[in-house]
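Secondary and tertiary structure notes
Here is how the chains run, residue by residue.
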Amino acid sequence: MTLQELRRDIDRAVMIGFGGEPLMLDEGLKDGDVLMKSGNRLVSAPDDTPIVRTVESFGAIGDCTGVGVGTDDSNAFAKALSWMHDGNFRKVISQPGKRYRIGGPIVSGTNPVIGAQLVLDGPITPDTGGFTAITLQNIRDAQFDLRVYQGGVDADYRLLAPPDGSQAFCIKGCRNPTYNVHANSYRGRVLLVDCVGGHFKNSFHDGLINCGDREEALLATPCGQAIYVRGPITAMGNFTVKTPWTKYSPIFENAVDVRIPYAEFGAKNDTENAPWEWRGCGSIWLGTMLGGDETQTQTLMKFTSNSLGNFCRRVDIDLFFSVGAQNAIIFEGMRDDSHGVIIKSLVTQESGGPALLVRNVPKLKVNRHEARQDYQALLVSGPVGYLDYNVQADATKREAISVTAGATGVLHFRGRSKDASQESVGRFAHAALSESSARIDFIDFVMQGVDPSGCFQISSADNSVRIINGLYETSSKFVGGNEAISIDHAQGIASSAYGTATVASGATSVIVNHGLFNTPSYVFVEGSTTDTSDLYVSNKTSTHFTINAPLAVGADRSVDWHAVRRP
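Overview of the structure. (Residues numbered from 1 in each chain as written. Predicted model: local features only at pLDDT ≥ 70, side-chain atom pairs only at ≥ 80, totals over all residues. Heavy atoms only, no water.)

**A short note on the nonpolar core**
In globular proteins that are soluble, nonpolar side chains generally tend to be buried together. Quick note on the threshold: Put simply, a nonpolar core is a bunch of buried Ala, Val, Leu, Ile, Met, Phe, Trp, Tyr and Cys residues held in one set by side-chain atoms that sit within 4.5 Å of each other. The cut-offs for exposure are 20% and 50% of the maximum accessible area for each residue type, with area from a 1.4 Å probe on protein chains only; residues under the lower value are buried, those over the upper are exposed, and the others partly exposed. Contact definition: two residues touch when any of their heavy atoms are within 4.5 Å.
Residues Trp-278, Phe-303, Phe-331, Ile-401, Phe-413, Phe-442 and Phe-456 are the most contacted members of the largest nonpolar core, which totals 116 residues. If we skip the residues at most four places from it in the chain, Phe-303 touches Trp-278, Ile-284, Leu-286, Cys-312, Val-315, Ile-317, Ile-329, Ile-330, Phe-331, Glu-332 and Met-334. Counting 15 residues, the second largest nonpolar core, distinct from the first, contains Val-503, Val-512, Leu-535 and Val-553.

Now the structure itself:
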């Protein structure tokens, strides 16, 4: 029935069936109105009644068969998104089994609305070119189900706006949106969440990003980048990320209150290191993070400052798993904060470099790090306020723990290193501690294996290393300097020894091998006869000392000794 026909029947009864109650048509009906029954009248439905239209109703064809092939449906999509902003709770859908060519940028309406929905059951395929295919903005409580297949441009997506870069989708000025984004073989950035501009505060997101695969998989190639979040923003929201293979990993910049309950990710980039970066972000909670590279060239995740000088702060990680990366995590440029960084469980395997690299971090606590066949489990290469690190390291290529020059702060190490120094060239200790001003404590640590050159490689200038309790079974305990080591009840490292030596008849001295880890600080000697009453000690070395009598003794004399090493 046309509107002209309806107007003829205004205020006239419409029979809905033989014997049925008649309905009266209300006045003021307009084109596009949806009718609803109110008593015995048909009236215009309120604006918040869900309205659903297909992109085909705006002229879309959906005959795309490749990038730049088929009818350009950009104009139809633009009309559909404009209509979506003409009222609340409107819904636009594309048809499953179809594919829609997008030849240029489309921006949804500027009018703020509530409850809008865009469901792309059929994916879009943007043309090759530097543009954002669809920008969705100014919507509260939006729901999006977005799909893109092929298209896009290869660019350096570590940059917010790379020259000639392309984006499939942009969400800005949307409060409390829920969305699923699926991408396959799109060479550009799949999603930009832009918190600059827009009617509403772009916050409380609940998003799932699923994209990327390797060339070896059927019907797939890696996407350029899954997501870039641009702040400044607080109450960012919740993201689930499944991007096992993209050329560039996700980037979150200047975002606060971010929750990632689950992520599978890894960069496939043969020319550049493209980690998942957190740039000047705060209050970050990461649940289960599953990362991989398999080339040992990529850093999986990096916490750093942004271009404005803002530092990352307040980071909690439940479980982080890494296999075959260059580094699992790099922490640098962190702000001094009472909370700092907490990692409950870190599992790494076959890292090509230090699995965990730490510099410029005020506070870091690692409850447990399971490291197997990594180059190194941990490298501290810069200032650290406080580090509490518990590691179980097996068969590292070099040291399990390395502290380089420039490290500062208080560093507590616990756990075990077994069979370090598996690299074919050179031999390395379980722990290498270069000259630094850090206070370093090994507490209840265990070092085992025959391959390492020793338990500790310590710079002679290091003056603040304490070894408290633990077990040290590697045959050589120290390589390099150990002049200022404090030892307290460490099995396998003697800091105190005693015994009885014999000065032979007619002799004035005896050499004693003391067995301490270094030159004794003090040696106490005591004789029991007149000719051994004035004994003294000379020639103390890292292996022995000499007990001297002022005159030749008249017979073999037993002398008790006690040697002590103190820093």
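**Concerning the side chain of Thr-299**
The test is simple: Each helix is a run of DSSP H or I of at least 4 residues and each strand a run of E of at least 2, with the numbering of both proceeding from the N terminus. Here a polar contact is recorded for every N or O atom pair within 3.5 Å, except that within protein the pair must consist of a potential hydrogen donor and a potential acceptor, and residues adjacent in sequence are included only if both atoms are side-chain atoms.
Turning to its location among the elements, Thr-299 is positioned in strand β23 (residues 299-304). By relative accessible area, which is 2% here, Thr-299 ends up buried. Here Asn-327 takes part through its side chain, which lies 2.8 Å from a polar atom of the side chain of Thr-299. Among residues more than four places away in sequence, those in contact with Thr-299 are Asn-273, Ala-274, Pro-275, Trp-276, Gln-326, Asn-327 and Ile-330.

**Considering the pattern of salt bridges**
For side chains bearing opposite charge, pairing can occur when the charged atoms are close. The condition is simple: For this analysis, a salt bridge means a side-chain nitrogen from Lys or Arg found within 4 Å of a carboxyl oxygen belonging to Asp or Glu.
Taken as a whole and assessed by the stated rule, the structure comprises 19 salt bridges. One salt bridge in this structure joins Asp-441 and Arg-466, with 2.7 Å as the shortest N-O distance. Of the two residues, Asp-441 is situated in strand β34 (residues 439-448) and Arg-466 in strand β36 (residues 465-468); the sequence distance between them amounts to 25 residues.

**As for the state of the cysteines**
Cut-off, in case you're wondering: Disulfides are defined in this document as cysteine sulfur pairs within 2.5 Å.
Following the criterion strictly, the structure yields zero disulfides and no others. In this structure Cys-64 is not part of a disulfide, and its nearest cysteine sulfur, from Cys-223, lies 16 Å away. Cys-281 provides the cysteine sulfur closest to Cys-312, a residue in no disulfide bond, and the two sulfurs are 5.3 Å apart. Residue Cys-312 is classed as buried on the basis of its relative accessible area of 0%.

**Regarding the packing of aromatic side chains**
Put simply, the rule reads: Any pair of Phe, Tyr and Trp rings, taking the six-membered ring for Trp, is counted once the centres come within 6.5 Å. Such a pair is stacked with planes under 30 degrees apart, edge-to-face with planes over 60 apart, and tilted for the rest.
One pass over the full model with this rule turns up 18 aromatic pairs. Judged by centre distance (6.1 Å) and plane angle (15°), the rings of Phe-252 and Trp-276 are stacked. Here the residue Phe-252 occupies a position in strand β20 (residues 251-267), and Trp-276 occupies one in strand β21 (residues 276-279), the gap between them amounting to 24 residues. On the basis of an interplanar angle of 80° and a centroid distance of 5.1 Å, the ring pair of Phe-265 and Trp-276 is categorised as edge-to-face. With Phe-265 in strand β20 and Trp-276 in strand β21, the pair connects residues that are 11 residues apart, well separated along the chain. Here the aromatic cluster, defined as three or more aromatic residues joined through ring pairs, consists of Phe-239, Phe-252, Phe-265, Trp-276, Trp-278, Phe-303, Phe-320 and Phe-331.

**Remarks on the sheet that holds strand β44 (residues 544-548)**
To keep it simple, the criterion reads: At least two DSSP bridges between two strands are required for those strands to pair. Only the contacting stretch of a helix is used when fitting its axis, a line to C-alpha atoms as for every element, and angles between N-to-C directions run 0 to 180 degrees.
Spatially, three strands are ordered β41-β44-β43 in an open sheet, and the strand pairing comes out antiparallel. Each edge of the sheet is formed by a strand with only one pairing partner; in this case those strands are β41 (509-513) and β43 (536-538). In this sheet, adjacent strand axes meet at a mean angle of 30° when their direction is disregarded. One ladder, built from five bridges, connects β41 with β44; its direction is antiparallel. Looking at the pairing, Val-510 lines up with Ile-547 of β44.

**Considering unusual backbone geometry**
The omega angle of the peptide bond from Gly-231 to Pro-232 is 10°, so this bond is cis rather than trans. In this fold, Pro-232 is placed in strand β18 (residues 223-233). One non-glycine residue, Asp-141, lies in the positive phi region at around 60°. With respect to the helices and strands, the residue Asp-141 is situated in the loop between β12 (132-140) and β13 (143-149). Since its relative accessible area comes to 30%, Asp-141 is described here as partly exposed.

**As for the side chain of Thr-125**
Relative to the assigned elements, Thr-125 resides in strand β11 (residues 124-126). Not counting chain neighbours up to four residues away, the residues in contact with Thr-125 comprise Cys-64, Gly-66, Val-67, Arg-99, Tyr-100, Arg-101, Ile-102, Tyr-149, Gln-150 and Gly-151.

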